[in-house]
Amino acid sequence: MATAMMTTTRRALLTLALAALPLGTMAQDKTLVMASTTSTEQSGLFAHLLPEFKKATGIEVKVVAQGTGQALDMGRRGDADILFVHDKVAEEKFVADGFGIERKPVMYNDFVIVGPKADPASIKGKDVVEALKALSTSNAAFISRGDKSGTHAAELRFWKAAGIDNPAETMKGYKACGCGMGPALNIAASANAYLMTDRGTWLSFKNRADLGILVEGDKRLFNQYGVIVVNPAKHPHVKKAEAQAFADWVVSPAGQASIAAYKVNGEQLFFPNAHSQ
């Protein structure tokens, strides 16, 4: 009888102790950490997309928004479970080096060059290389992300194609902010400067001041986004199941439809193309 009473008492105490614990300690926390480019965050896409994913799977995504280069570094260190970025060359190297399981294309938009509507450097047109050549010989201000992001990497490729290896030395008005797309746009707006941005962030940006799109439509301005699950063979603590669930969902018909449905003022910001490559 005494033994039975002790067992009952222990069970009661255990029940009380469990009831006092936070819910997350009683079951595995269904969350994952995503390192992503700032454009997906600052354009408002994730505020639209991630609640849909959570509704479908019950998994919460914690986003660390930064430049693509920094996001890839987070993956190399094992500080993220999944990456959502836009520098295809760097992404493929990340996977080839064993840090990612697979790179999946997800969506695209394009880059544009914005600047003062009066266009003092006379760059308006379609050819991004000719535009940068014109900027390099002007006294106009140009704001660069300067943060090893996908946008910054693309910008440097275009400068190189224009025959300019180091625009900071070539162009007097060239300033690198070392910041995300939104802050860079704010600086350009306040300084009435030129800047290269992804169209999605530009469309959702409200503080445009006197800036407008001056260069667009060049096929070289194509901007592809991809998703990569960090390889648990490198970092065993990575939440592979949750990360793979997102990678699979975002390229599924439901995920692709959610991306296509995101619009600002009736204009679509990103275009799903998971199955076109």
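Preceding this paragraph is the structure being described.
Scope of this entry: the structure provided in the associated data block. These numbers come from a predicted model, not from an experiment.

## What to know about the overall build of the chain
Point 1. Helix and strand counts for the chain come out as 13 helices and 12 strands.
Point 2. Here the chain, with 277 residues, has 51% of them falling under the buried criterion.
Point 3. Considering only contacts in the chain between residues 6 or more positions apart, those separated by 24 or more positions represent 75%.
Point 4. Of the roughly 13100 Å² of accessible surface on the chain, a fraction of 56% belongs to carbon and sulfur atoms.

## Side note on the pairing of strand β1 (residues 31-36)
Point 1. Counting buried positions over the six residues of β1 gives five, a clear majority of the element.
Point 2. Bridge count between β1 and strand β3 (residues 82-85): three bridges; the pairing is parallel. Paired with Ala 35 across the two strands is Leu 83, which belongs to β3.

## Focus: helix α13 (residues 253-261)
Point 1. Every buried residue of α13 is listed here: Gly 255, Gln 256, Ser 258 and Ile 259. Mapping the buried residues of α13 onto a view down its axis gives an arc of 155 degrees, with all of them on the same face.
Point 2. The secondary structure elements touched by the buried residues of α13 are α4 (45-57), β4 (100-116), α12 (240-250) and β12 (271-272).

## Overview of the state of the cysteines
Point 1. Under the criterion given, the structure shown has one disulfide.
Point 2. Between the sulfur of Cys 177 and that of Cys 179 lies a disulfide, 2.0 Å long from S to S. Disulfide Cys 177-Cys 179: the torsion about the S-S bond is -85 degrees, which places it as left-handed.
Point 3. Since its relative accessible area comes to 25%, Cys 177 is described here as partly exposed.

## A word on the pattern of salt bridges
Point 1. Overall, the coordinates contain 13 salt bridges when judged by the stated rule.
Point 2. Where Asp 79 meets Arg 77, a salt bridge forms, and the shortest distance between an N and an O atom there is 2.8 Å.
Point 3. Between Asp 127 and Arg 220 there is a salt bridge, and its shortest N-O distance comes to 3.1 Å. Of this pair, Asp 127 sits in the loop between β4 and α7 (128-136) while Arg 220 sits in the loop between β8 (211-215) and β9 (222-230), placing them 93 residues apart in sequence.

## Section: unusual backbone geometry
Point 1. Here Ser 122, not a glycine, exhibits a phi torsion of approximately 55 degrees, which is positive.
Point 2. Counting through the fold element by element, Ser 122 comes out in the loop between β4 and α7.
Point 3. Its identity is not glycine, yet Ala 209 carries a phi of approximately 50 degrees, on the positive side.

## A word on the packing of helix α5 (residues 68-77) against helix α6 (residues 88-96)
Point 1. Orientation of α5 relative to α6, taken along the N-to-C sense of each, is 5 degrees, at an axis distance of 11 Å. When the axes of α5 and α6 are compared, the pair comes out roughly parallel. For the pair formed by α5 and α6, the contact residues are Leu 72, Gly 75 and Arg 76 on the first element and Ala 90, Glu 91 and Phe 94 on the second.
Point 2. Taken together, the residues of the contact of α5 with α6 break down into three nonpolar, one polar and two charged.

Rules used throughout
- Residues numbered from 1 in each chain as written.
- Predicted model: local features only at pLDDT ≥ 70, side-chain atom pairs only at ≥ 80, totals over all residues.
- Heavy atoms only, no water.
- Helix = DSSP H or I, 4+ residues; strand = E, 2+ residues; numbered from the N terminus.
- Buried < 20%, exposed > 50% of the residue type's maximum accessible area, 1.4 Å probe, protein only.
- Contact = heavy atoms within 4.5 Å.
- Areas by Shrake-Rupley, 256 points an atom, 1.4 Å probe, with all protein chains shown as cover.
- Pairing = 2+ DSSP bridges.
- Arc of directions from axis to C-beta.
- Disulfide = S-S within 2.5 Å.
- Salt bridge = Lys/Arg side-chain N within 4 Å of Asp/Glu carboxyl O.
- Axes fitted to C-alpha atoms, helices over the stretch in contact; angles between N-to-C directions.
- Parallel < 35°, antiparallel > 145°, perpendicular 65-115°, else oblique.
- Nonpolar A, V, L, I, M, F, W, Y, C, P; charged D, E, K, R; others polar.

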